[in-house]
Amino acid sequence: MTTRPNSSSSTHSLHSSRGYHLQQKMAPYLFISPFLLLFAVFGVWPIVKSLVLSMYATSGPKDSVFVGTQNYRYLLADADFHTAVKNTVVFAFWSVVLQLPLALGLAMLLSRRWVRGRNLFRLAVFSPYLVGQVFVGVLFSVLFIPQYGLLNQGLHATVGLPLDTKWLADPALVMPALVLTALWLYTGLHMIYLLAALQAVERELYEAAQVDGANATQQFWAVTVPAIRPTLIYVLIMSTIGSFQLFELPYIMLNNTPGPNNSGLTIVMYLYQTGFVTGDLGYASAVGWTLALGVLLISLVQLRLTGAWKAREA
Amino acid sequence: MKPNRLTVFARGVTYVTLCLMAALTLTPLLWLLAAAFKGQNELFHYVFFPPPGLLTVVNFQELWEAMPFGRYMLNSVFVASTTVVVQLFFGSLAGFALAKYEFKGKRLFMVLMLATLMIPGQVTMAPLYELIYRLGLMDSFPGLIVPQAVSVFGIFLFRQYLLQVPDELMHAARIDGCSEFRIYWDIMMPISRPMVGAFCLTSFMATWNSFLWPQIILHHSGRFTLPVALNQLVGQYQQEYGTLMAGTLLSILPVLILFLLLQREFVEGLTAGAVKG
Amino acid sequence: MRSFRFPFGAAAGCILALAVLAGAWLAQHPIERQKSTLTLWTFAPTHYEAYKEAVPSFEKANPGVKVDLQLVSGPAVTSRLQAAFWSDLDVPDLVEVPIDFAGTFFRGRLENVGFADLTERIEQAGLMQRMVSSRFSPYMSRGRIFGLPHDVHPVMMAYRRDIFEKEGIDADSIKTWDDFIRVGRKLTVPGKRYMLELFDTRDAHLASCLFQRGGGYFTPEGECILDNEISVQTMLWYVPLVAGKDKISNNLGAGQVLTKAVEDGYFVCLLAPDWRTKTFETTIPRVAGKMALMPLPAVEPDGRRTSTWGGTMLGITKSSPDQDLAWKFALHLYLDQQELGERFRGTNIMPALRSAWDQPAFHEPRPYWNQQPIGAMFAKLAPQVPFQYTSPFITTAKAKLGEALVACVQYYNASGDKGFEAFTRARLKKSADELRTLIRRNPY
C-alpha cells in the first residue's frame, strides 16, 4: 500500500499558489486515508457486524441460525456469565483499590527531591510490567505452587501460612492470587504516570501552601491531588478498563481453564470459551457487547464522580 | 541546610520502604532467573540459587529439543517489529493530520475513533475472525499484523503531542517550499522523538505479549509467536517447570533490552500525553 | 532536493531493522510445507513418539504416501482443530482428540460435524467385537461413531510399597473402599502424609468414582444425569475423603510438585490409569522399585475393581481428500499387534484391541513396579472398564460437576455431616438444571 502522497512534489509549490493550496487542502485526506481505510475495515465494520452476529446462534462461521434477542435474554439467566461478571467486577475493584494508592504512595516517596537512585528504584518497581501478562502468568503459576512454591515457602516462614495453601486450586484463593499478581504487575506502570505528574507540580504551589501553614495532609489534598488530577483520572479509567478485559493472566495461571468452580472465569475468558471453543460466535458477540456497555457505563460513572466530565475537553 | 533528626528519620523510613518494595518486586524475577538455571531435581530443593556447581543450562537444551524456540523468537520479533513500524507510520501520519489541519469530517472521525477506543477489542473478535477467514489471511502473519496496523491509541498520542507544536513552524516550512509530507517527515517527526520512543515501546510490548488473537488465528506450529508457543509447554498433567522458566526468561529479554535502550524517551513520552491531556 | 533522512530516531530505526532482518530470515527459512499425503495431529508426546516408529512401515507398504505427524499441545488441540474445521484451512486428515473434548465436536447438524462418520467402516471391520466395546461410546453422537478408540485406560491403585511394608499393611487385604479408607485413616498424618491423591476442585477423580459405580454425566441419549441417585451417593461418599477433619486425601498439583510429594511420601497412593503409570516412571524415577499396583478397591465386595480416567479417539476429518487411505493408516496405527506391543513398552497404554494384549510386551515384569507384569494386570481389568457417554455439552457438564464438588467440599468443611445430604442433593440438582437449560437452548 502506498501512502506517500504523490502531489507532494515540493518544487512547484512556491510557483503555483493554486497547486500549493490544493496540496494543502488534500494533504490531510491523503495522510489520513491509509489509516481510515484500515480503520473502517478492521475497526468499524467488525463492530457493526458483531451487533448483527449477536442475534445469531452459530456453530463456527459456517453454521448459523437467527435467534433474535435470545442471546441477550439467555445472558440474563446464564449462571456462568453471572459468575464471570462477578469475578471480573471483584477483580477490577480490588485491583484499582490496591494498585492506585500503592502506586501513588510509591510515586510520592520517589518524587522527593533528595531521593538518590530514583531511576533504579523506578526501574525495579516498573520492571514487572515489562514481563507481560502471559509470561507473568507462567511465572506466577509456578510461584503459587502449594508446598514447594516460593510464595508459600515465604509466607510459611514469615506469617506461618500452611505450606499446602492451594492458591490456584482453592476457589476462595484464586481471586486473591490474581489480584496479587496484577498488583505486582501493574503498580509500577501506574507509578510511572503518577511520578511524572508529581514531578511536574510546581514547587511554588507547595511553598505557598506552607506559607499558609498547611500541614502535609492538607498540602496533599489542597495541592497534590488537584495538580495531578488529570493523571489520576486517566490512570483510574485505564486500569479499570484494563481490569475488565482480564484474560491472559487467569487463563495461563489456571492451565487454560476457568479454574476451580469457575473462580477464575472472567468475561473475556467466557467470551473466548463460548466463541472460540464452543463455536457460538453469536453468543460471544452478545457477551462482548454486554462487556462494552458495562465498561462504558463504569467509565462514565467514574468521569462523573471525579468531576472530570466538563473539565476534560480533549 | 542541615537535616534535623526528624527528617533523617523520615528519610530512613523512605529508603527502607523503597528498598523493601523494590526487593518484593524483584524477588519473583530473581527466582525466575534462578529456576532457569537449576536442574530438574534442584528446582524445589533450593529456594533460589543452588551452589555454583549445580548451575546448569540443561533447561535451555531441553527447551530447544522440545520446540524450535529460535524460530518462535524470530516469529515474535518479526510480527512485533513489523506491527510497530506500520502502526508508527500510519498513526503518526494520521495524528499529524488531525492535529494540524482542518478538514471536513474531522469531528466525525474523532468521535468515531473515541467510540471505538471505548469498546473493548474483544467485542470485534468474532466478526474479525470471520473477516480474516474471508480474506484468506488465516494462519498467516498478515492475519496478525493487518488488523493491528492501526492503533487508535497511537493516533491520539501523536495528535496530543503535535498539538503543542506551534503552527509557525509549519508556515515557515511552507515558505521554504516544503511539501506537506516533507513537513511531516522532516519537521514533525524529529520533534516527536520522545513520543516515537514511547510509542515504539508500548506498541512493541503489546504485540510481543499478545496472546489471544495469535492463539485464535495461528494454526501451524511453525508460525507460533512466543506466548502461544510457551502456552504449549504448560501441560495439564506433566509440567517441566525448568524448561518453562527458561523459555519465559528468554521471552522477556528482548523487551527488557528494548526498554533499557529507550527508558528515558519512554517515560517522557508515555507520561506527556497523560499529564498534559 | 534534500537527502533522505529517517525521521523516527534510532529506536524506530532499530525496530525497522529488526523487522527486515527477521523477515529476511523467515523468508529464507520458510515453513516446510511437507508434500505429505496424510497429516495426523496428536496432543500426547508419548503418542507422537510412538507413531514416529510406526510411520516408516506404513510408508513402505504404501509407496508414494508421505505421513506428516504433528504434535499439538493438549489444551490447544481442540481449539486449533475447531478453528481448522471452521476455516477449512490446514485441517489434518487424522486427528487424535482427548475424550473430554470429543463431544464438543459433535455440536451442530450431523452433516456439519467435521469428522467423518466411521460407523460403517467399523462395522465392516468387525471392530466393535475386536475392540473393547465400552470405548466406542464416548465418541458417538446420535447413534453414529466418529472416532476409533486409542486405548482402554483401566484405573488401578498405585501405592508406595515400602511405606505399606513399613506400616505392616498387606495390599491384598484391601478389597473394598471401606478397607482402603480404614487403612487410610491409619496412615494419614494431616499436613504431612495423605493416603491418597484426590482432586477436590476438579471433577476427574470424582468422575472415575462415578464411572466405577455405573454413573456418569449423560445417558446414551445425551440427557444429563448429574443429579441421579448414583451421583448423589458418590458425592456423599467422595467429599468426606477430601474434606473435613477426617480427610485422607489431598492434592498439590502436577509435574515436579507431584514428583517431590511422592518422593517425600506425602502421598501413599495415587489413582493410576495405565497412561499415568508411564508418567510416574518418567517423572518420579527415584521411587523405582518402591512402587506397586493393586486393583482399585471395589465399592461393594466382589464389585468392579477398576474404573476409567482419560482416553483418546482417532478421527478422520471429512475434508480429508483420501478418507480410505486415512482409514488404512488409522488401522495400521491401532491394529498392528506387533507395533502395539512395542508401543506398550513406551507408553504403558492399553490399546483397545483385545488380541494385542497377548503380545509378550504385556507380560513383562516391570522393575519400576516391583517386577509386576503391569500389562497383564491391566488386561485383566480392561474388560470391566465402565461405559461412559458424551454430549456436545461434555465440557460444561464437567465444569458443572466440578462446581458442585467445590460447593459440597466447602459446605462439608464448614458444617460437616449436618444437613450435608440435603445440601448435596440440592447442589447437584442445581448443576444439572443449569446444564439442562443450556442443552435446551441448543437450536440444533
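Residues numbered from 1 in each chain as written. Chains lettered and ligands numbered in written order. Predicted model: local features only at pLDDT ≥ 70, side-chain atom pairs only at ≥ 80, totals over all residues.

Trainee: Quick question: what am I supposed to make of the overall build of chain A here?
Mentor: From N to C terminus, chain A includes 13 helices and 2 strands. Relative to the globule expectation of 20 Å for 314 residues, the C-alpha radius of gyration of chain A, 25 Å, shows a markedly less compact shape. Projected onto its principal axes, the C-alpha positions of chain A cover 85 × 70 × 35 Å. Counting only residues that meet the buried cut, chain A has 49% of its 314 residues in that class. Long-range pairs, those at least 24 residues apart, make up 67% of the contacts in chain A with a sequence separation of at least 6. (Helix = DSSP H or I, 4+ residues; strand = E, 2+ residues; numbered from the N terminus. Rg over C-alpha atoms; globule rule 2.2 N^0.38 Å. Buried ≥ 20, exposed ≤ 12 C-beta atoms within 10 Å, placed from the backbone. Contact = placed C-beta atoms within 7 Å.)

Trainee: Would you mind showing me how to read the overall build of chain C here?
Mentor: Along the backbone of chain C there are 17 helices and 12 strands. Taking 444 residues into account, the globule formula puts the C-alpha radius of gyration at 22 Å, and chain C, at 25 Å, falls close to it. Counting only C-alpha atoms and orienting by the principal axes, one finds that chain C spans roughly 90 × 60 × 50 Å. Relative to its full complement of 444 residues, chain C shows a buried share of 52%. Look at the contacts in chain C between residues 6 or more apart in sequence, and 75% of them connect residues 24 or more apart.

Trainee: What's the story with the interface of chain A and chain B in this structure? I'm lost.
Mentor: A common way to report how large an interface is uses the accessible area buried once the components associate. With 82 residues of chain A at the interface, the matching set in chain B holds 72 residues. For the side of chain A that touches chain B, the element with the highest residue contribution is helix α1 (residues 17-53) of chain A, accounting for 19 residues. Grouping the amino acids of the side of chain A that touches chain B by side-chain chemistry returns 57 nonpolar, 21 polar and 4 charged. (Nonpolar A, V, L, I, M, F, W, Y, C, P; charged D, E, K, R; others polar.)

Trainee: What exactly am I supposed to notice about the domain arrangement of chain C here?
Mentor: Residue and element names in this part refer to chain C. The domains assigned to chain C are domain 1 (38-151 + 310-365) and domain 2 (155-307 + 387-441). Across the contact, 16 residues belong to domain 1 and 14 residues belong to domain 2. It is helix α4 (residues 99-102) that provides the largest number of residues to the side of domain 1 that touches domain 2, a total of 3 residues. Residues that form the side of domain 1 that touches domain 2 fall into these classes: 6 nonpolar, 8 polar and 2 charged. (Domains from an automatic or database assignment.)

Trainee: In this structure, what is going on with the sheet that holds strand β3 (residues 94-98) of chain C? I would like to understand it.
Mentor: All names here are of chain C. Strand order in the open sheet made by the 5 strands is β2-β1-β3-β12-β6, with mixed pairing throughout. Of all the strands in the sheet, the pair left with one neighbour each is β2 (67-71) and β6 (148-149). With 2 bridges joining them, β6 and strand β12 (residues 312-316) adopt antiparallel strand pairing. Residue Leu148 lies in a different strand from β12, and its bridge partner there is Leu314. Strands in contact with helix α2 (residues 45-61) are β1 (38-42), β2 and β3; relative to β2, the strand with the most contacts, it is inclined by about 175 degrees. Contacts from helix α13 (residues 323-335) reach β1, β2, β3, β6 and β12 within the one sheet, and its direction differs from that of β12 by about 155 degrees. (Pairing = 2+ DSSP bridges. Axes fitted to C-alpha atoms, helices over the stretch in contact; angles between N-to-C directions.)

Trainee: Explanation requested: the nonpolar core in the structure shown.
Mentor: Inside soluble globular proteins, nonpolar side chains tend to come together where they are buried. Grouped together as the largest cluster of nonpolar side chains are 320 residues, with contacts concentrated most on A:Leu194, B:Cys200, C:Met156, C:Met157, C:Ala158, C:Leu293 and C:Ala330. In terms of residue count, helix α7 (residues 171-200) of chain A provides more of this core than any other element does, 17 residues in total. Two domains share this core, each providing at least three of its residues, namely domain 1 (38-151 + 310-365) and domain 2 (155-307 + 387-441) of chain C. (Core = buried A, V, L, I, M, F, W, Y, C linked by C-beta atoms within 7 Å.)

Trainee: When you look at the sheet that holds strand β11 (residues 291-295) of chain C in this model, what are you seeing that I'm missing?
Mentor: Strand pairing in a sheet relies on backbone hydrogen bonds. The paired strands run either parallel or antiparallel. All names here are of chain C. With mixed pairing, the 5 strands of this open sheet are ordered in space as β9-β8-β10-β7-β11. Looking along the sheet, the strands with just one partner apiece sit at the ends: β9 (249-250) and β11. As paired strands, strand β8 (residues 194-197) and strand β10 (residues 267-273) are joined by 3 bridges and run parallel to one another. What sits directly across from Glu197, in β10, is Leu270. Each of β7 (155-160), β10 and β11 is contacted by helix α12 (residues 274-283), which is oriented at about 130 degrees to β10, the strand it contacts most.

Trainee: Mind showing me how you'd approach the environment of B:Gly197 here?
Mentor: Take B:Gly197: it is sitting in helix α10 (residues 193-209). Along the primary structure B:Gly197 and B:Glu265 are separated by 68 residues, whereas in three dimensions their C-alpha atoms are 5.4 Å apart. For B:Gly197, the residues in contact, after removing those within four places along its chain, are B:Leu262, B:Glu265, B:Phe266, B:Gly269, C:Gly9 and C:Ala11.

Trainee: Is there a simple way to think about the interface of chain A and chain C in this case?
Mentor: Every contact between the two is made by 25 residues of chain A and, on the other side, 27 residues of chain C. Per-element accounting of the side of chain A that touches chain C gives the leading share, 3 residues, to helix α11 (residues 267-278) of chain A. Across the side of chain A that touches chain C, the residue classes break down as 14 nonpolar, 8 polar and 3 charged.

Trainee: What should I look at first to understand helix α15 (residues 374-381) of chain C in this one?
Mentor: For an α-helix, the turn length of 3.6 residues means that residues three or four places apart are oriented alike. Residue and element names in this part refer to chain C. Extensive coverage of α15 is indicated by the burial of 6 of its 8 residues. For α15, the full list of buried residues reads Ile374, Gly375, Met377, Phe378, Ala379 and Leu381. For α15, the secondary structure elements touched by its buried residues are β7, α12, β11 and α14 (337-347).

Trainee: Explanation requested: unusual backbone geometry in the structure shown.
Mentor: Leaving glycine out, the prevailing phi sign among residues is negative, and the prevailing peptide bond configuration is trans. A positive phi angle, close to 55 degrees, is found at A:Asn261, a residue other than glycine. On the secondary structure map, A:Asn261 appears in the loop between α10 (248-253) and α11. Notably, C:Asn370 is not glycine yet its phi reads approximately 55 degrees, a positive angle. Relative to the elements of secondary structure, C:Asn370 occurs in the loop between α14 and α15.

Trainee: Would you mind going over the pairing of β1(C) with me for this structure?
Mentor: Regular strands have side chains that alternate between both faces of the sheet. Residues and elements named next belong to chain C. Here β1 lies mainly inside the structure; 5 of its 5 residues are buried. Strand direction decides the pairing type here: β1 and β2, joined by 5 bridges, are parallel. Counted as the bridge partner of Leu40 is Leu69 from β2. Taken together, β1, α2 and β2 form a β-α-β motif whose crossover is right-handed. Bridge count for β1 against β3 is 2 bridges, and the pairing is parallel. By the bridge assignment for β3, Trp41 is matched with Val95. (Right-handed = clockwise from strand over helix to strand, strands pointing away.)

Trainee: Is there a simple way to think about the pairing of β3(C) in this case?
Mentor: Residues and elements named next belong to chain C. For β3, a buried count of 4 out of 5 residues is recorded, marking the element as mostly surrounded by other parts of the structure. Pairing of β3 with β12 involves 5 bridges; the strand directions are antiparallel. Paired with Val95 across the bridge in β12 is Gly315.

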